[in-house]
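# Coordinates in review
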Amino acid sequence: MLHIHWIASPGHKQVNQENGVLPHTAPTEDGATGLVHASSGQLEGHAGMSGNHPERYEDATSVVAPSLSGSLSITDMCPSAHSNTPSFSSSSSSIVLPLSPPLPPNTDLLSLLTDIRLTLDVYRAGAAALPVLWSFVPGQLMELQYLRLGSEDDQGLEEALPIVPHLTQLRSLAIRGHCFHDSEGVPLPGLLTALPASFSSLSLLEHLDISFNQLSVLPPCLLSLPLLSSLLLSHNCLSSLPPDIGGLGSLRYLSLLGNRLLALPPSLGQLQALQTLDVSHNLITALPNEIGALGELVTLELSHNQLRQLPETMGSLRSLTKLVVHSNELRLLPACLHQLPLLRTDSRNNPLGRPPTPPPLPPAPVQEEKNIPELHLGSSQHSFSVSSAGCHVFLPGGAELLFPPGCLATTSRLEWFQQKANRKWVWLEEHDILLSHPLELRPHGIKFLKPVEVCVPFHRRRRREVAVRMYGEERWSTLPTEVRRGSSSNSCHPGGAPVRLACSSVGHFSWFMAVARLPRDSCSVTPQGALLVSRVDPGIKLHFPPNSTLQIRTVTLQVLQVSLTEIQGLCGDPQARVSPLLCLSQTPSRNFLQPVKVQIPLPSGVTGLTVDMSCLHLLHRHPDTQSWTDVTANVSLSITHLYAIFYITHFSWYWLWYTTLRCVSGVVRRVYQRLKQFRVQFLVLQRTTDPNQVLLQCLPTNKVDSRVQSLSGLYDGPQPSDLCDMLEGEQFFAGFERGLDVSADRPDCVAGRLSFVFYSSLKNLKEVFVSPVQGHERPVRGQVSFYRGEVPEDLPEELVQRRKGHDSQWLATLPLKLPALSWKEQANGAEERQHPPLDLGDPESGYLTEANLLAISLQIGQDWRSIGINLDLSFQELERIAYKHRDDLGALVLEMLFLGARGRGEGPAGRGAVPRLVEAMVKSERQDLADEIQDIVSLGKTKYSASLRRVGLEEEVSPPPPPQ
């Protein structure tokens, strides 16, 4: 008789059998190393303990482990005709088996072997027991049908693998990792990297699980297993599958979860018996068309890949009931899938319905375009030529135009102009901010054979996206925009950092400007539904159910993040909390057929466990009346731990408030209006050398101090005004009062007031010449007041009601001081404040009057500087004129002409000025104006001669001599 038993150290702990934990007793830490002795017909051992933590048995497909309780006695171990068990010799030998946890006391080692099952993956390094059992009871092992091994022990696995091919009766085999964890709870990886070729002898094998290992290729021996029906290869390192995998004709279940697969072979379609295919968590970008041949396929797992489209052949999968394609890059599901009657599809976390992402704009010219000629224009050069070879044009201020080769068939003359940022040239949406002056490129009707890149410089704006707007077809449109740095050779200031450019590709010229807007997320909603997630806050989601629309419509989501302290200060409730502000729009604007699910984060500091539903309000802004309405009672509003969920059928603005205030709608209206405004201050500064020259400016309050400091060396003035509120793009006026007067001939002067348009990122300033009112000789203590223009109807009432003057639209008032005029200024003041009448030339040569100069000045435009230089004006004089009239080109040109003509001619009457003016026009390449001046002078001569004839003073003209 042979007794085989296992002796364990005392101290046991019962382990819960629920949750997949194998029942066994765990020893204390003082257990000894287990030894197997084969001597005198006895096998006994002392269990070792590598740790006192029970390990969880993690495999839902595992066979039931045999009971380890009790002892096993084997009698009559002598060989016979019906037994392959060899007899044991009396020689003594010992084998170390570091099983963990060890067997219970008085338990035989052979108790692990029960009938046709052997489960060793519940013991750490349990694979080492297989060679021991094989050395003693090989015949009993050869009857095994179910075998489970762990693969976390390198030495034990190496000794066990050669034995497995001898177990030719196996029907189920598992060699997998992640069965045990280390002391820190990290799963131990499997170390299996390959299978011996002899595994092909397991001709009866039906189930094989080699998951959580380090296989980089599929073992070729597996392709020779004719009855294999379940193959689990999940969480390995497979990057591809063999092209002859279709030879596994009996395969019904295939799991390749968590590998590195880039594609699936076409032979996969030969697996006619396959019912479940799991290739999720891989890197697959496309499926083969042959997948449509899997007629028995019931479940297809494709989640967490990089799929951009699904093949149309999937419409042949008539047995498919479950398709999981979430977390891919699918923009459209094939229509054929909707014809499968039993199919349920999980397609969340896909950009379904979104238009294809436009290709990125070409980078800055580096290789192909490095030979394109460059053209750097000056401030007075407003026209340039571009040939078919292309050109990279650098405009003053940082703007760039890139004409690729072949964009024009012939050489063309083009022009650029920077327009004033007034409401005539600017179109803004709600919450938009203008970042640049409008750039006009001419001629508007020109068509390019290749897209031309227009780059507009802009001022930085955080937490918003920058877009280029173009005017065309009588409306403004937003272009796809790329933001990048400009060329270092074209910075606004010498040696300064390159400007930021907003670049777009265009096919024709028009007006362009850069704006900052709330980030936009868009998608196209199809009858199959869609999901839209905000880039600003991923917790904001819109779920469009199937059949919510019958036609494709474009939906846009904008999110405005709001400062909590600002909200509390504006509404007067220190307990107020708000969510981000949502703006939802769609094209076409129609109600959805099914309610759209909106998920929005709860206000900061509010959770689903602490929320008081009586203080939670969902506000809706009507797009027509611009009013806010509390719709909490009219929608289905539910709360989770972090989010609020409600359902709507039409789009507008939505805002979630948590406040103790009773009257919510009125407070929200005032707060929302304030969020659209900027806190500004006004400056009125007088030039130190000439107090009559006054600089007026409106600035956001955070820019006032730096601006005053930069101007302090040249200007004096009162302190900046108190804080005022101003809307982006709002018109306001400056009026001079109490003894002050300004020329009303300026084009920006409306009803005696200077017109401004406020843009928060631009300089809202004007420099004017102010004089005392007529007849005022003493020092003047006057003032300049700022007034609103067209007040929006929804402006908060408290802003309109604030006033300190006679005008209810008053904004601010600042004082001015003008010194008394000296006797010379009193005598010549009128001549210095306005240009006196001029009659250039003499009676005999013809007159050029002030009216003539005014007509000519309107045609000069940007060529004034070149003409001034040819009129011998100094550079300092030209710079002074340019600075003095930088907002008024007409006044600038007139002063240049008068300064060049007055007193520069030969003689007291300005004689000789006309020929010099004609010569300056010719040198400046303005022959058209030279011809016009000569025509005016010729007409003057004719009128002079006619007047002499009328009074009888015309000189006698001798008749010509008769012909000879």
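Structure shown above.
Fair warning: this is a prediction, and the values are worked out from it, not measured in the lab. (Residues numbered from 1 in each chain as written. Predicted model: local features only at pLDDT ≥ 70, side-chain atom pairs only at ≥ 80, totals over all residues. Heavy atoms only, no water.)

### Considering the sheet that holds strand β24 (residues 447-458)
- The strand order across the open sheet built from six strands is β17-β19-β20-β24-β28-β27, with neighbouring strands paired in mixed fashion. The two strands at the open ends of the sheet, each matched to only one other strand, are β17 (374-376) and β27 (482-485). Neighbour-to-neighbour, the strand axes of this sheet turn through a mean angle of 25°, independent of strand direction.
- Bridge count between β27 and strand β28 (residues 500-508): four bridges; the pairing is antiparallel. Across the sheet, Glu482 pairs through a bridge with Cys503, a residue of β28. (Pairing = 2+ DSSP bridges. Helix = DSSP H or I, 4+ residues; strand = E, 2+ residues; numbered from the N terminus. Axes fitted to C-alpha atoms, helices over the stretch in contact; angles between N-to-C directions.)

### Examining the pattern of salt bridges
- For the coordinates displayed, the defined rule picks out 24 salt bridges.
- Across the pair Arg442 and Glu440 runs a salt bridge whose closest N-O atoms are separated by 3.0 Å.
- Using a relative accessible area of 4% as the deciding quantity, one classes Glu440 as buried.
- A salt bridge links Glu453 to Arg484; its shortest N-O distance comes to 3.5 Å. Taken together, the positions of Glu453 in strand β24 and Arg484 in strand β27 put the pair 31 residues apart, joining distant regions of the chain. Comparing Glu453 with Arg484, the two get one shared label, buried.
- Connected through shared salt-bridge partners, Glu429, Asp432, Arg469 and Arg520 make up one network. (Salt bridge = Lys/Arg side-chain N within 4 Å of Asp/Glu carboxyl O. Buried < 20%, exposed > 50% of the residue type's maximum accessible area, 1.4 Å probe, protein only.)

### Focus on the nonpolar core
- Core analysis: the biggest nonpolar cluster contains 77 residues, and Leu118, Leu130, Leu173, Leu310 and Leu323 have the highest contact counts within it.
- Looking at this core, the elements with two or more residues in it are α1 (129-136), β8 (146-150), α3 (154-160) and β9 (172-176).
- It is α1 that provides the largest number of residues to this core, a total of five residues.
- Residues Val393, Met470, Val506 and Val780 belong to the second largest nonpolar core, which totals 61 residues. (Core = buried A, V, L, I, M, F, W, Y, C linked by side-chain atoms within 4.5 Å.)

### With respect to the sheet that holds strand β46 (residues 731-737)
- Across the sheet, five strands lie side by side as β48-β49-β46-β51-β52; this open sheet has antiparallel pairing. This sheet does not close on itself; its edge strands, each paired only once, are β48 (749-750) and β52 (810-818).
- The pairing of β46 with strand β49 (residues 753-757) spans five bridges and is classified as antiparallel. Of the residues in β49, the one forming a bridge with Ala734 is Leu754.

### Here's the deal with the state of the cysteines
- What the rule picks out here adds up to one disulfide.
- Shown here is the disulfide that connects Cys455 with Cys503, its sulfur atoms set 2.4 Å apart. Disulfide Cys455-Cys503: the torsion about the S-S bond is 115°, which places it as right-handed. Taken together, the residues span a long stretch of sequence, with Cys455 in strand β24 and Cys503 in strand β28 at a distance of 48 residues. The burial state of Cys455 is the same as that of Cys503; both residues are buried.
- Cys724 takes part in no disulfide bond, and the closest cysteine sulfur to it belongs to Cys698, at a distance of 7.8 Å.
- Judged by its relative accessible area of 5%, Cys724 is buried. (Disulfide = S-S within 2.5 Å.)

### Section: the side chain of Arg788
- Locating Arg788 in the fold gives a position in strand β51 (residues 780-788).
- Reaching out from Arg788, the side chain makes a polar contact with the backbone oxygen of Asp725 at a distance of 2.7 Å.
- In terms of polar contacts, Arg788 uses its side chain to reach the side chain of Glu730, at 2.5 Å. (Polar contact = N/O pair within 3.5 Å; in protein donor to acceptor, adjacent residues only side chain to side chain.)

### Concerning unusual backbone geometry
- Of the consecutive residues Arg442 and Pro443, the connecting peptide bond is found in the cis state with omega at -5°.
- Along the chain, the position of Pro443 falls in the loop between β23 (439-442) and β24.
- The phi dihedral of His281 is positive, around 55°, even though this residue is not glycine.
- The residue His281 is located in the loop between β13 (276-278) and β14 (299-301) in this model.
- The phi dihedral of His304 is positive, around 55°, even though this residue is not glycine.
- On the secondary structure map, His304 appears in the loop between β14 and β15 (322-324).
- A relative accessible area of 33% means that His304 is categorised as partly exposed.

### Comments concerning α1
- Counted residue by residue, α1 has six buried out of eight residues, so it is predominantly covered.
- By the burial criterion, the buried members of α1 are Ala129, Leu130, Pro131, Val132, Leu133 and Phe136.

### Things to note about helix α13 (residues 913-923)
- Buried within α13 we find Ala913, Val914, Leu917, Val918, Ala920 and Met921. All buried residues of α13 lie within an arc of 160° about the axis, which places them on one face of the element. Opposite the buried face of α13, at more than 90 degrees from it, the exposed residues are Pro915 and Lys923.
- Just downstream of α13 lies Glu925, where phi reads positive at about 60°. (Arc of directions from axis to C-beta.)

### Here's the deal with the pairing of strand β29 (residues 511-517)
- The buried count for β29 comes to seven of seven residues, which makes it a mostly enclosed element.
- Here β29 shows two buried faces, one formed by Trp511, Met513, Val515 and Arg517 and the other by Phe512, Ala514 and Ala516.
- As defined by bridge partners, strand β22 (residues 433-434) adjoins β29 across two bridges and the pair is classed as antiparallel. By the bridge assignment for β29, Leu434 is matched with Val515.
- As paired elements, β23 and β29 share two bridges and run antiparallel to each other. Within the sheet, the bridge partner assigned to Leu439 lies in β29 and is Phe512.
- In this sheet, β29 lies alongside strand β25 (residues 465-472) in antiparallel orientation, the contact comprising six bridges. Counted as the bridge partner of Val466 is Ala516 from β29.

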